[in-house]
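# Descriptive structure summary
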Amino acid sequence: MDDAFAARIAGHRRSLVAYAYACGHDLDLAEDLAQEAVVIALRERERYFAEADLGAWLIAIVRNLWFRERTRRGRRRHDSAALHDLASDLFTADDDGMDWDGERRALAGCLASLPPGDRALIDGRFADDADYQTLAQRHARSLVWVKVRMHRLRTGLLDCVRRHLRQEARDGR
Amino acid sequence: MDADLVAWCDGELADDALAAIEQRLRADPALRRAAAALLRQHLLLAEVTSQAPVMASPIRRLPWRSALVTAAAALVTGVLLYDARTPGPTVRLAVVADTWIEAKHPTVSHGRERDLIIAGASSPAGECWALLRFTMPRAGAARLRLRASAGGGARVVLGSGAWDESDARWHHRPGLASTPLATIPARVTAGDVIIDVSLPAGVCTLVLIGTDPQPFTVGSREDGAGAELELLPVVHAR
């Protein structure tokens, strides 16, 4: 086994999970697809050329695995062609350059500070995998309200995480 | 950033709106950067809210198993060293179960999360406790090591009663000893927190109870950086 190659592949694993999750909105499936892609990449490493973009190659493997899975499962949410066409651009950042752990830690802190109603909306969407229509019924609100509220919450969480990371950087972490 | 982009990430756009945002994404690198940040957050939100562990290794659940093996090995080693009656051995015990519970969501369990959240009752998050379980090979002094974020302080209290990591909830929270074992001061920087505690032999539950409005987190065993106990050496009388 080429350990250096395996390490390079492992460096992209979180990005692969992120892409697979964006495809299927299913965390277990995303982990499975990313892991399968890693196994395929290791098995097929002879086909990879050192000059090629490793991230784009791995994304292509996940894309093919997702298309196979989508056929088997049938579509549930609206599938975006642009998501797949632009996936190399959206997801190929090497994980080494991303502070996934820091973002995750900061996000957990930001979520803990949300008012209960907002937290319930986020939990409903992500923990329960409820779609906007279901969330609108659950909160006795309109579909537009859910869409706008989700936008405000997600933007607020992005800002909160950035503030936390900046503070950590200032603190020398 | 607009609401359509967030809805696109959530797979909630159809027909005309979907076509419009796709066209903008293809044409606008800045919008793609915003989308990339949202999609990354998308995964993290799913992981944090659904309590799924994130593995650093390509082999899933390996850190969890490693933690168990480490704990078992440390426990066996500790017993052997203890039986050898030699002064000075240092035994490290990995946490064998950990989770956090919250008063505001008393029926929610968080057993598989990577960060354990601790907050005082006056926090906007409401009161949050972290639960840590260790198996002590002997009674005695130990040094508790936690990887903690910046934030408020906490009391460390010995808990009583059984709890299941995968199903611990506020409604069924452990009972608490009347006297705290130690306190964790508020911190302005993240890093290791080390405190001395004295524990009985056998299964011990340590409950970390927030004392300040500002929440903080400690790493969990699913994070591969869970709490550790270092048993302090026993010097036997000659």
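Here the structure is a predicted model, which is why all the values come from computation and not from measurement. (Residues numbered from 1 in each chain as written. Chains lettered and ligands numbered in written order. Predicted model: local features only at pLDDT ≥ 70, side-chain atom pairs only at ≥ 80, totals over all residues.)

Along its length, chain B carries four helices and twelve strands. Within chain B, the fraction of its 238 residues that count as buried is 43%. Pairs at least 24 residues apart make up 77% of the contacts formed inside chain B by residues separated by at least 6 positions. (Helix = DSSP H or I, 4+ residues; strand = E, 2+ residues; numbered from the N terminus. Buried ≥ 20, exposed ≤ 12 C-beta atoms within 10 Å, placed from the backbone. Contact = placed C-beta atoms within 7 Å.)

Another aspect to go through is the overall build of chain A. When helices and strands are counted, chain A shows ten helices and zero strands. Reading chain A from its N terminus to its C terminus gives the helix and strand order α-α-α-α-α-α-α-α-α-α. Across the 173 residues that make up chain A, the buried fraction comes to 35%. Put simply, 68% of the contacts in chain A that link residues at least 6 apart link residues at least 24 apart.

Our next topic: helix α8 (residues 116-126) of chain A. Listed in full, the buried residues belonging to α8(A) are A:R119, A:L121, A:I122, A:D123, A:R125 and A:F126. Along its buried surface, α8(A) packs onto α7 (100-112), α9 (132-138) and α10 (143-170) of chain A together with α3 (29-50) of chain B.

Relative to the helices and strands, B:V188 is located in the loop between β8 (182-184) and β9 (191-199). Assessed through the 8 C-beta atoms surrounding it within 10 Å, B:V188 is described here as exposed. Linking B:V188 and B:A150, residues 38 residues apart in sequence, is a C-alpha distance of 5.1 Å. Not counting the four nearest positions on each side in its chain, B:V188 is found in contact with A:D171 and B:A150.

Residues and elements named next belong to chain A. With respect to the secondary-structure elements, A106 resides in helix α7. Sequence spacing of A106 and R162 is 56 residues, and the spatial spacing of their C-alpha atoms is 8.3 Å. When near neighbours in sequence (up to four residues on either side) are disregarded, A106 contacts V161, H164 and L165.

For the rest of this paragraph, the subject is helix α2 (residues 15-27) of chain B. Given a rise of 1.5 Å per residue, 13 residues ought to cover 18 Å, and the 19 Å separating the end C-alpha atoms of α2(B) matches this to within 8%. Looking at the buried residues of α2(B), the elements they touch are α5 (81-85) of chain A together with α1 (3-9) and α3 of chain B. (Expected span 1.5 Å × (residues − 1).)

For the rest of this paragraph, the subject is the environment of A:D79. By the element assignment, A:D79 lies in the loop between α4 (54-73) and α5. Considering only alpha carbons, one finds A:D79 and A:A22, 57 residues apart in sequence, at a separation of 9.6 Å.

The next thing to look at is the interface of chain A and chain B. Reports of interface size often rely on the accessible area that becomes lost once the parts have come together. Counting from both sides, the interface comprises 49 residues of chain A and, opposite them, 49 residues of chain B. For the side of chain A that touches chain B, the secondary-structure elements that each account for two or more residues are α2 (13-24), α3 (27-43), α5, α6 (87-91), α7, α8 and α10 of chain A. Residue classes in the side of chain A that touches chain B are distributed as 25 nonpolar, nine polar and 15 charged. (Nonpolar A, V, L, I, M, F, W, Y, C, P; charged D, E, K, R; others polar.)

With that settled, consider the packing of α2(A) against α3(A). Residues and elements named next belong to chain A. Interaxial distance between α2 and α3 falls to 8 Å at its minimum, and their mutual angle equals 135°. Put simply, α2 runs oblique to α3. You can see that α2 and α3 cross each other, and the crossing is right-handed. The residues of α3 that touch α2, namely those facing R13, L16, V17, A20, Y21 and G24, are L27, L29, A30, E31, L33, A34, A37 and V38. (Axes fitted to C-alpha atoms, helices over the stretch in contact; angles between N-to-C directions. Parallel < 35°, antiparallel > 145°, perpendicular 65-115°, else oblique. Left-handed = near helix turned anticlockwise from the far one by under 90°.)

The next point concerns the confidence of the model for chain B. The predicted coordinates of low-pLDDT regions are not to be read in fine detail. All names here are of chain B. A residue-level look at chain B finds 80% of positions with pLDDT of 70 or above and a mean pLDDT of 78. For chain B, per-element mean pLDDT is lowest for helix α4 (residues 62-83), which scores 35, and highest for strand β6 (residues 154-160), which scores 93. Here the complex is predicted with pTM 0.54, and the ipTM for its interfaces comes to 0.90. (pLDDT = per-residue confidence, 0-100.)

A word on unusual backbone geometry. Residue and element names in this part refer to chain A. Positioned with a positive phi, D129 is a non-glycine residue whose angle comes to about 60°. Looking at where D129 falls in the secondary structure, it is placed in the loop between α8 and α9. Residue classification places D129 among the partly exposed residues on the basis of 14 C-beta atoms within 10 Å. One non-glycine residue, A140, adopts positive backbone phi at about 55°. Looking at A140, the number of C-beta atoms within 10 Å reads 7, which means it is exposed.

Looking now at the nonpolar core. With 96 residues, the main nonpolar core has A:Y19, A:A20, A:V62, B:I118 and B:W129 as its most contacted residues. For A:V62, the contacting residues outside a window of four places in its chain are A:L16, A:Y19, A:A20, A:L33, A:A34 and A:A37. (Core = buried A, V, L, I, M, F, W, Y, C linked by C-beta atoms within 7 Å.)

Residue and element names in this part refer to chain B. Taken across its six residues, strand β2 (residues 97-102) has six buried, putting it largely inside the fold. Burial along β2 is two-sided: A97, T99 and I101 facing one way and D98, W100 and E102 facing the other are all buried. Examined bridge by bridge, β2 and strand β4 (residues 128-136) share six bridges and lie antiparallel to one another. For T99, the partnering residue across the bridge sits in β4 and is L131. (Pairing = 2+ DSSP bridges.)

On to the pairing of strand β12 (residues 228-231) of chain B, then. All names here are of chain B. One ladder, built from four bridges, connects strand β1 (residues 91-94) with β12; its direction is antiparallel. Residue pairing in the sheet places R92 in a bridge with E230 of β12. Direction of pairing for strand β5 (residues 140-148) relative to β12: antiparallel, over a ladder of four bridges. Counterpart to R143 in the pairing with β12 is E230.

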